Every structure is written in structure tokens, then in C-alpha cells.
Amino acid sequence: MATETNKQTLPAGRFQAIISHCKEYGFIFPSSEIYDGLQAVYDYGQWGAELKKNIKDYWWKWMTQLQDNIVGIDAAIFMHPTTWKASGHVDGFNDPMIDNKDSKKRYRVDHLIESYTEQLKTEGKEAEADAIISEMEKADAAGDLTALKKLIDDNKIKCPVSGTSNWTDIRQFNLMFSTEFGSTVSSEDENNKVYLRPETAQGIFVNFLNVQKTGRMKIPFGIAQIGKAFRNEIVARQFIFRMREFEQMEMQFFIRPGTQKEWYEYWKQARLKWHLELGVPDTEYRFHDHVKLAHYADAACDIEFNFPIGFKELEGIHSRTDYDLSRHQEFSRKKMQYFDNDVNPETGKPYGNYIPYVIETSIGLDRMFLSMVCAAYTEEDLSTPEKQDSRVVLKFPAKLAPIKLAVFPLLKKDGLPEIAQEIMAQYRGEFKCFYEEKDAIGKRYRRMDALGVPFCITIDHQTKEDGTVTIRHRDSMEQERISIEKIGHIVSQAIS
Ligand code: GAP
């Protein structure tokens, strides 16, 4: 019987172990590693790319195929620069930053204070930590940079690199990356400046009427999108939790003004259900209501996940009012209105023209990836009185697993590889299969456990006699004898 130790390992050690595992088994590599990497930018390796694609497909299918009234688009990363003036990002997408004069390191103020309070908590000073956080949130909500600086000074918060409290004043820092369009004009020319989108949502807003008209969509309806977003995060650490280039899966749900409270509640519950359907215990998720609302929101919350670094934001649900569409109407001078010919029971007349309100669901694909790896990562002690043994296994939900079926001939001879290849040919069109004939079977199982493969089958001499194989189940490690015909059914059922 295996003893699970996945929740016993110290959180910091556990996070490090997960990061190392991701690299060692081809899930995630630091970007351009041969040049010592690029901070907060990562590449997905052969199995990471498969897992990421499966998460994307799961979200996309749920959003667009399983709902009557949500369609997907794929807008460009570059958008007209006025988009970002209208959206408020040019003026308002800032974070308060502070520099340490000795180490020359720059920090996001909230992160610096949060790290300090985490430290207080490990010393058992919970109440003190909570008081500091609450003061920080109040100052942050009021945009009071002096109060934030005072909080750092009063608590003598130190730079983790220099160990000193020799700080500059706090300044606002815009998080958007920019570049120039065209090749002939001077790069100094502000008119050529384009931004790498910091969120995918604006690609949906500017296409609102295109989709509504061509798709003959009736309110309430949604537009979904998956795509890259870029933010010049200052404190970009914690692996793929906070990246400079990342992917978002966002959906804007357009509704009649006045109905935002009920739709906001609806989407909060619907999105939590989506997470829970993957089988991770509900104790690993919680809602966190925003104290400081973004410039566009009248209500907002996060679904937080219990990462090894603590409960942190995984997905945001935002009631964005008519802010974005109104601003695009104002800046583009194009009408962003919808004509609602449903009859208002209060007036007996159609609702008529209005700018729709919007509920947004926004999840980072990379963060979702990280949450799935953290939930799946399990260290098991398999020791018996005779022998010490252990394994690391990624217990992914079968539908997300990068490889669904591993196929092993017991030996590299006696016609066993040929049968194994026939099985590969039979199933590789339906789901991702992996062929392996090197090393002892036990070693091959361990390698597949480390990749999270839910099923391994072994072809042996009995297969030649009666057409059966051994199937081994990843989580229980149980093995059973089944006929070759049954393989497809077992795997398909698990991933459907
Ligand atoms: N359109 C709304 C929006 O972008 P957000 O809370 O800034 O809202 C939404 O981002 C989600 O995108 C977050 O919940 C998180 O999962 C992901 N995200 C944001 N910044 C990220 C970063 N630097 N690295 C990885 N994921 C990030």
C-alpha cells in the first residue's frame, strides 16, 4: 500500500520539487536556456505542450460547444493603439513600484509587503500580518502612495537582496510592452507605437458588433477567446505563476443592463463547477472578493487555488459594466449599441437600444497548468520490509493527461514488438499513445507515472496465445488481464 506524502513535504520544498520535475520530464524549460534564460519567460516542452493543449481544449469545448450562446474568436495580438487609450490601460494599467537604493532592485509594493507578512505568519504573528494587509489594501484602494511608503518604513521592511531598508519613493509603473509598427519611420515617433496586448478581452470588445451581427446573436450571449497576453511584470518570479508572456482564456458575456448581479453570481458558480469537475477536492479552491476594484468593474472576485506558495488567484470573474463598450464608442465614434426587441414587462414595450453590460471570466492558461501539476504531483513511499522504494506520480485527470496510453512489449523479440506496434497503429488516431521497449517493465512504469500516463499495457507471450494484455492503472498500480479489443473502450471512457 502506497503512503502519499504529497501534502507532507514542506510547501517551499514541494514547489521546488515540482519545478524540477517539470524540467526533468519535458514539461517546462526556461526560455532560451542556453543563453541563461530570460526572466519570467518559459517554453513548454514535449509533454507540457500536450497538457497545455488538453487544458485549452477542455476550456474551449466547455465554453463554445457545450453552451448554446457562446462563440469563440481569435483576434490579433496587435491592436490599434487607441484601443488601449479607450480601455484605460495607457493611463491606468500601473502598479506602484519601489526601488532599493543599495541592491538597485525594483519591487511591486504589494508583493514586497505580502512577502513580509508571509514571513510574520511563519513566526506565528497572524494578527499583525492581517492588520498590515488590511492597511495595505486600504491605502492601495485609495491610491495613497504616501501611506504605502509609511507602511514599509514603519515596519522596517527590508530588501531581500541587500537586506537594507534604503528605499526610494513609490512610483507608478505601466505594465504594457510596446514596439513600433512599420520600418521606415523613426522609432521615436509616438504614432507608430503599438502595444503587445496585456489582456485578450479588448479583442473581443472591438469585435462585439461584428460577431453579434454576423452570428445573429441575441443577448445574453458570450464571446470567448484564448490567446497570448504580455505584461512587463516587475517582480516576475514564482515560476509560471507570474510570467511576462502568458496565455489567457477569457469570455465576455453580454447582458441587459440591470441584470449584472444575477449573471455575476451565475458565472461565479459556473466557473467554480468547471474547476471541480476535474476532480480536485473543493477544499483547494476558494473565492476572494476584491476590495480594490479595477477601473472598469462594479464587482469582482478571484477563484483562488491552494498552490504550494499559498492560496493565490487562478481565475477572475468581473462585472465590467458597460465601461469598455462605452469607451470604444466614445473613442472610435462608432455605435456599440444593441437593439433588444424583447418586450420589457414593466413598460410593455421593447427594451430598445442600449450598450450591453458585461460579465467577464478570465483565467490564465499557464496558471491553470500550474494548478493541475500541483494538484497532481504526488510522492509515494512504496517501501516494504524487504525493500525501500518510492515513486513520483502525476495524478492528472485522464482527459488532461499528455499521454493516455503507453504500450510496452515485454521483450524486444519473439514478435512482441510487432503486436505492440499493431496496437499503437490501432489507437494512435484516437488518443495520444507512447511506445517504449527499453528497460525493465518496472522502470518503464515509473517513467510513465512521472509523466502522468493513466494506462500502460504490456504485451507478453500470453498475448500471442489468447489476445490478452496486462493493463496497469496509474493511481492504484493495479494490473488486470484484458482482451486487446477492450483497450480502446477503457481509455475512451476515462477521457470522455
Ligand atoms: N481581462 C481581465 C484580466 O486580464 P487579470 O486579473 O489581470 O484580469 C486574468 O488577469 C487572469 O490572467 C488571472 O487570474 C491569471 O490567471 C492570469 N494572469 C494575469 N497576469 C498573469 C501573469 N503575469 N502570468 C501568468 N498569468 C497571469
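Residues numbered from 1 in each chain as written. Predicted model: local features only at pLDDT ≥ 70, side-chain atom pairs only at ≥ 80, totals over all residues. Heavy atoms only, no water.

## With respect to the overall build of the protein chain
Working step 1: The helix and strand inventory of the protein chain stands at 16 helices and 24 strands.
Working step 2: Along the first, second and third principal axes, the C-alpha atoms of the protein chain reach 75 × 65 × 55 Å.
Working step 3: Here the protein chain, with 496 residues, has 50% of them falling under the buried criterion.
Working step 4: Taking the intrachain contacts of the protein chain between residues at least 6 apart in sequence as the baseline, contacts between residues at least 24 apart amount to 65%.
Working step 5: Of the roughly 24,100 Å² of accessible surface on the protein chain, 49% is carried by carbon and sulfur atoms.
Working step 6: Positive and negative side-chain charges in the protein chain, numbering 65 and 75 respectively, have mean positions lying 2 Å apart. (Helix = DSSP H or I, 4+ residues; strand = E, 2+ residues; numbered from the N terminus. Buried < 20%, exposed > 50% of the residue type's maximum accessible area, 1.4 Å probe, protein only. Contact = heavy atoms within 4.5 Å. Areas by Shrake-Rupley, 256 points an atom, 1.4 Å probe, with all protein chains shown as cover. Lys, Arg positive; Asp, Glu negative; His and termini not counted. Charge placed at Lys NZ, Arg CZ, Asp CG, Glu CD.)

## Here's the deal with the sheet that holds strand S11 (residues 245–255)
Working step 1: Across the sheet, seven strands lie side by side as S4-S10-S11-S17-S14-S13-S12; this open sheet has mixed pairing. Bordering the open sheet on either side are strand S4 (70–73) and strand S12 (285–289), each of which pairs with just one other strand. Here the average twist between neighbouring strands, direction ignored, is 25°.
Working step 2: Examined bridge by bridge, strand S14 (residues 310–321) and strand S17 (residues 357–364) share six bridges and lie antiparallel to one another. (Pairing = 2+ DSSP bridges. Axes fitted to C-alpha atoms, helices over the stretch in contact; angles between N-to-C directions.)

## What about the packing of aromatic side chains?
Working step 1: Taken as a whole and assessed by the stated rule, the structure comprises 22 aromatic pairs.
Working step 2: An angle of 25° between the planes, with centres 4.9 Å apart, marks the rings of Tyr58 and Trp274 as stacked. You can see Tyr58 sitting in helix H2 (residues 46–65) and its partner Trp274 sitting in helix H10 (residues 260–276), a full 216 residues away along the chain.
Working step 3: Overall, the relative accessible area of 13% leaves Tyr58 in the buried class.
Working step 4: Relative accessible area serves as the criterion here: at 0%, Trp274 is assigned to the buried category.
Working step 5: Three or more aromatic residues joined by ring pairs form one cluster here, namely Trp62, Phe253, Trp263, Tyr266 and Trp267. (Phe/Tyr/Trp six-rings, centres within 6.5 Å; stacked < 30°, edge-to-face > 60°.)

## A closer look at the domain arrangement of the protein chain
Working step 1: Looking at the assigned domains, one finds that the protein chain contains domain 1 (3–76 + 199–374), domain 2 (94–174) and domain 3 (403–495).
Working step 2: Look at where the C-alpha atoms of domain 1 and domain 3 centre, and you get two points 37 Å apart.
Working step 3: Listed as interface residues are six residues of domain 1 and, on the opposing side, six residues of domain 3.
Working step 4: Contact with domain 3 buries surface across domain 1, with Tyr25, Trp47 and Glu50 losing the most and accounting together for 69% of the total.
Working step 5: At the surface where domain 1 touches domain 3, the tally comes to one salt bridge.
Working step 6: Of the charged contacts, one joins Glu50 and Lys432 as a salt bridge, the two residues approaching to 3.8 Å between their closest N and O atoms.
Working step 7: A total of three residues in the side of domain 1 that touches domain 3 trace back to one element, the largest contributor, which is H2. (Domains from an automatic or database assignment. Buried area = accessible area lost by both parts, 1.4 Å probe. Salt bridge = Lys/Arg side-chain N within 4 Å of Asp/Glu carboxyl O.)

## A look at the site of the ligand
Working step 1: Residues in contact with the ligand amount to 21 residues; listed here are only the nearest, Glu199, Arg231, Met243, Glu250 and Glu313.
Working step 2: Leu314 is positioned with one of its backbone polar atoms (N or O) 2.9 Å from an oxygen atom of the ligand.
Working step 3: Contacts to the ligand include Gly364, whose backbone N or O atom sits 2.9 Å from an oxygen atom.
Working step 4: Of all elements in the fold, only S11, S14 and S17 reach the threshold of two or more residues within the shell around the ligand.
Working step 5: Along the lines of polarity and charge, the residues of the shell around the ligand split into six nonpolar, five polar and 10 charged. (Near = heavy atom within 4 Å. Polar contact = N/O pair within 3.5 Å; in protein donor to acceptor, adjacent residues only side chain to side chain. Nonpolar A, V, L, I, M, F, W, Y, C, P; charged D, E, K, R; others polar.)

## Section: the sheet that holds strand S20 (residues 405–409)
Through backbone hydrogen bonds, the strands of a sheet pair up, either in parallel or in antiparallel fashion.
Working step 1: What the five strands build is an open sheet, ordered S21-S20-S22-S23-S24; its pairing is mixed. Whereas interior strands pair on both sides, the edge strands pair on one side only; in this sheet they are strand S21 (433–435) and strand S24 (479–483). In this sheet, neighbouring strand axes are inclined to one another by 30° on average, regardless of whether the strands run parallel or antiparallel.
Working step 2: Sheet topology note: the S20/S21 ladder contains three bridges and is parallel. Residue Leu405 lies in a different strand from S21, and its bridge partner there is Cys433.
Working step 3: Contacts from helix H13 (residues 416–427) reach S20, S21, strand S22 (455–459) and strand S23 (468–473), with the element oriented near 165° to S21.

## Here's the deal with the side chain of Glu360
Working step 1: Take Glu360: it is sitting in strand S17.
Working step 2: Within the structure, Glu360 has its side chain in polar contact with the side chain of Arg320 (distance 2.7 Å).

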